[in-house]
Amino acid sequence: MDWKHHLMIGCGLIGLLVYLSFYKQIVSLDIMQILLLIPLILVYSLVPDLDAPASKIRYFFWIFGIIAFGILAYLKEEKLIYFLIAAMIFITLTKHRGIMHTFMMGIVFSVPFYFTFGITFSLFLLAAYTLHLVVDYLGI
């Protein structure tokens with residue numbers, strides 16, 4: 001599937017987040033967490049393709065990684081800084097459609113956000129990651 005389609009699916013998940021947060025009031029995230037979660041959902045809907053050498057997400061990952069490192073350093077989020085550095089090293093060592101295309105990696109990439117922002121935040125990221133895998137598997 002094309003990266004644009006994965007982003008569209010991420011947008012659908014964002015729509016669900018907004019619906020559950022503001023209309024149904026089921027999701028208990030504050031507005032700042034939601035504003036942070038929205039771009040992260042879009043990123044996580046593309047993350048499984050980080051291992052593709054020519055993917056757009058890999059290029060943007062390095063740019064995002066450098067920017068995120070600066071922001072996280074400013075916020076003094078040491079756990080997320082270590083996670084980001086480890087992720088950047090790991091991504092360069094993987095092959096396409098290998099370990100990155102597994103549910104386990106979705107969990108690995110979502111867990112650090114659990115410790116900082118809570119279960120709801122990390123589950124939305126895991127959902128974005130998992131939807132990518134499901135759509136690739138189904139060949140939609």
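As shown above, the structure is provided for reference.
Keep in mind it's a predicted model, so treat the numbers as computed, not measured.

Engineer: Any details on the overall build of the protein? Residues and values, ideally.
Structural biologist: Of the regular secondary structure elements, the protein holds 6 helices and 0 strands. The order of helices and strands in the protein, counted from the N terminus, is α-α-α-α-α-α. Relative to a compact globule of 140 residues, whose C-alpha radius of gyration would be 14 Å, the protein shows 15 Å and is just as compact. Along the three orthogonal principal directions, the C-alpha set of the protein runs to about 40 × 40 × 25 Å. Across the 140 residues that make up the protein, the buried fraction comes to 42%. Of the contacts formed within the protein by residues at least 6 apart in sequence, a portion of 66% connects residues at least 24 apart. About 8,200 Å² of surface is accessible on the protein, with carbon and sulfur atoms providing 74% of the total. When the 8 positive and 7 negative side-chain charges of the protein are each reduced to one mean point, those points stand 3 Å apart.

Engineer: Could you give an account of the pattern of salt bridges, with specific residues and numbers?
Structural biologist: Using the criterion set out here, one finds 1 salt bridge in the structure. Across the pair D136 and R97 runs a salt bridge whose closest N-O atoms are separated by 3.8 Å. Taken together, the residues D136 in helix α6 (residues 119–138) and R97 in the loop between α4 (78–92) and α5 (103–117) connect sequence positions 39 residues apart. Given the relative accessible area of 13%, D136 is considered buried.

Engineer: Any details on α4? Residues and values, ideally.
Structural biologist: Here α4 spans 22 Å end to end across 15 residues, near enough to the 21 Å set by a 1.5 Å rise per residue. For α4, the elements touching its buried residues are α2 (31–44), α3 (56–75) and α5.

Engineer: Break down the side chain of D136 for me, with residues and values.
Structural biologist: Side chain to side chain, D136 and H101 meet in a polar contact 3.1 Å long. Excluding residues that lie within four positions of it along the chain, D136 makes contacts with M1, H6, D49, R97 and H101.

Engineer: Lay out the environment of I31 in plain terms, naming residues and giving numbers.
Structural biologist: With respect to the helices, strands and loops of the structure, I31 is situated in helix α2. For I31, a relative accessible area of 47% corresponds to the partly exposed category. As a C-alpha pair, I31 and S21 span 10 residues in sequence and 9.3 Å in three-dimensional space.

Engineer: Could you give an account of the packing of α2 against α6, with specific residues and numbers?
Structural biologist: To characterise two packed helices, one gives the angle between the axes of the helices and the distance between these axes. Close contact between α2 and α6 brings their axes to 8 Å; oriented N to C, the two are set at 20°. Here α2 lies roughly parallel to α6, going by the angle between them. Of the two elements, α2 crosses α6, and the hand of that crossing is right-handed. Between α2, through Q33, L36, L37, L40, I41 and Y44, and α6, the contact on the second element is made entirely by F121, F124, L125, A128 and Y129. When its residues are assigned to classes, the contact of α2 with α6 shows 10 nonpolar, 1 polar and no charged.

About the thresholds
Residues numbered from 1 in each chain as written. Predicted model: local features only at pLDDT ≥ 70, side-chain atom pairs only at ≥ 80, totals over all residues. Heavy atoms only, no water. Helix = DSSP H or I, 4+ residues; strand = E, 2+ residues; numbered from the N terminus. Rg over C-alpha atoms; globule rule 2.2 N^0.38 Å. Buried < 20%, exposed > 50% of the residue type's maximum accessible area, 1.4 Å probe, protein only. Contact = heavy atoms within 4.5 Å. Areas by Shrake-Rupley, 256 points an atom, 1.4 Å probe, with all protein chains shown as cover. Lys, Arg positive; Asp, Glu negative; His and termini not counted. Charge placed at Lys NZ, Arg CZ, Asp CG, Glu CD. Salt bridge = Lys/Arg side-chain N within 4 Å of Asp/Glu carboxyl O. Expected span 1.5 Å × (residues − 1). Polar contact = N/O pair within 3.5 Å; in protein donor to acceptor, adjacent residues only side chain to side chain. Axes fitted to C-alpha atoms, helices over the stretch in contact; angles between N-to-C directions. Parallel < 35°, antiparallel > 145°, perpendicular 65-115°, else oblique. Left-handed = near helix turned anticlockwise from the far one by under 90°. Nonpolar A, V, L, I, M, F, W, Y, C, P; charged D, E, K, R; others polar.

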